[in-house]
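Residue strings, one per chain:
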Amino acid sequence: MSENLIEVVDAAGLVRLTINRPKALNALNSAVLSELERVLSELEARDDLRGVLITGAGEKAFVAGADIAEMHEKTPEEARAFASQALRTIKRLETLPVPVVALVNGFCLGGGCELALACDWAVASDNAVFGQPEVLLGVIPGFGGTQRLPRRVGPAMALDLVTTGRKIDAAEALRIGLVNRVMPQAELEAYAEELAKQLAGNGPAAVRNAKQAVHDGMDQDLDSALALETALFALGFAGSEQKEGMGAFLEKRKPNF
Ligand code: CAA
């Protein structure tokens, strides 16, 4: 049964993951997180992986949050273990060495928003709804929202969202930089596929190093982060991609990575 909680479709290294609990608006329970972590560990081991798309089953929700029914009776120790499981899983998604695109096709709340925040790109349908409504349930975000949200949208807007619990529409999510693009739901699928293909067509090592520079650099002081960038920039000259990319420019042709 747990096999179906995450649907995996692989098209030549471009992998689409669908969180598949539509009756519960794809809420994240321990079984979904375990299955997602298992799938991600398999993806980490692949050297032909070029990109990952993650979305929610059905037309109503990306992910409506952590599973409230499962959390309701948890003790503090159990809550800590649940959050740790989610944080570990979300970190594995974030650190995949390929572009990861969240295809936000509806409600994107609580743990769902926290999952989307760990993706490199977020494209949303115009009916998507975002928020960190945990305070309305008597808790705070536990899957990384208090940390990744201010890093994405700045502390003032993050504090607004996590202290009011208010929901925002896709247009506001775009305006504050929570998502990269918004479009009608009917166009979302095709756009995200095209975007993932485009990202996957770039030099894989360059994309991996760019991700690492941004992610690791954000947590360092400026001088250390710039030194990291220099190291990763120089590293790019050690592989074949740089010769191909720059050679193709000089020869006025498309690069073949
Ligand atoms: N956990 C468990 N079940 C959920 C859920 C969640 N987060 N969100 C929705 N569901 C379930 C509902 O209980 C309902 O199940 P039943 O049919 O068995 O009653 C089903 O999904 C459909 O939901 P609704 O009937 O409520 O649908 P709606 O269209 O009326 O409302 C909604 C949609 C506004 C998203 C509403 O479902 C909602 O408010 N959901 C909860 C959102 C939320 O608070 N998320 C944060 C969770 S806490 C968290 O994530 C903590 C953290 O950081 C770790």
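Conventions used here
Residues numbered from 1 in each chain as written. Predicted model: local features only at pLDDT ≥ 70, side-chain atom pairs only at ≥ 80, totals over all residues. Heavy atoms only, no water. Helix = DSSP H or I, 4+ residues; strand = E, 2+ residues; numbered from the N terminus. Rg over C-alpha atoms; globule rule 2.2 N^0.38 Å. Buried < 20%, exposed > 50% of the residue type's maximum accessible area, 1.4 Å probe, protein only. Contact = heavy atoms within 4.5 Å. Areas by Shrake-Rupley, 256 points an atom, 1.4 Å probe, with all protein chains shown as cover. Lys, Arg positive; Asp, Glu negative; His and termini not counted. Charge placed at Lys NZ, Arg CZ, Asp CG, Glu CD. Pairing = 2+ DSSP bridges. Axes fitted to C-alpha atoms, helices over the stretch in contact; angles between N-to-C directions. Domains from an automatic or database assignment. Buried area = accessible area lost by both parts, 1.4 Å probe. Salt bridge = Lys/Arg side-chain N within 4 Å of Asp/Glu carboxyl O. Near = heavy atom within 4 Å. Polar contact = N/O pair within 3.5 Å; in protein donor to acceptor, adjacent residues only side chain to side chain.

Draft legend 1. Structural view of the overall build of the chain. Assigned secondary structure in the chain consists of 11 helices and 10 strands. Taking 257 residues into account, the globule formula puts the C-alpha radius of gyration at 18 Å, and the chain, at 19 Å, falls close to it. Principal-axis analysis of the C-alpha atoms gives the chain an extent of 60 × 40 × 35 Å. Expressed as a percentage of the 257 residues in the chain, the buried residues total 46%. Taking contacts inside the chain between residues at least 6 apart in sequence as the whole, the part at least 24 apart equals 68%. Roughly 13000 Å² of accessible area belongs to the chain as shown, and the carbon and sulfur atoms make up 59% of that amount. If you average the places of the 26 positive and of the 35 negative side-chain charges in the chain, the two averages end up 2 Å apart.

Draft legend 2. Representation of the sheet that holds strand β3 (residues 51-56) in the model. As summarised here, the arrangement of the six strands in space is β1-β2-β3-β5-β7-β10, forming an open sheet in which the pairing is mixed. Two strands close off the open sheet at either side, each with one partner strand: β1 (6-11) and β10 (181-183). Going from strand to strand, the sheet's axes swing by 20° on average, the running direction of each strand aside. Looking at chain direction, strand β5 (residues 100-104) and strand β7 (residues 121-125) are connected through four bridges and run parallel. In the strand pairing of β7, Ala 102 is matched with Ala 122. On the sheet, helix α8 (residues 185-200) packs against β2 (14-19), β3, β5, β7 and β10 and is oriented at approximately 165° with respect to β7.

Draft legend 3. Main features of the domain arrangement of the chain. Domain parsing of the chain yields domain 1 (6-200) and domain 2 (204-250). Between the C-alpha centres of domain 1 and domain 2 the distance comes to 26 Å. Domain 1 puts 11 residues into the contact, and the matching count from domain 2 is seven residues. Considering only the surface of domain 1 that becomes buried against domain 2, Glu 94, Pro 97 and Arg 151 emerge as the three largest contributors, covering 55% of it. At the surface where domain 1 touches domain 2, the tally comes to two salt bridges.

Draft legend 4. Expanded view of the side chain of Glu 94. The residue Glu 94 is located in helix α3 (residues 76-94) in this model. For Glu 94, a relative accessible area of 8% corresponds to the buried category. Excluding residues that lie within four positions of it along the chain, Glu 94 makes contacts with Ala 118, Arg 148, Lys 211 and His 215.

Draft legend 5. Region of interest: the site of the ligand. The environment of the ligand is formed by 22 residues, the closest being Lys 60, Ala 66, Gly 111, Glu 114 and Glu 134. Lys 23 is positioned with one of its backbone polar atoms (N or O) 3.3 Å from an oxygen atom of the ligand. At 2.7 Å, a side-chain N or O of Glu 114 approaches an oxygen atom of the ligand. For the ligand, the protein covers 62% of the area, taking 980 Å² as the surface of the free molecule.

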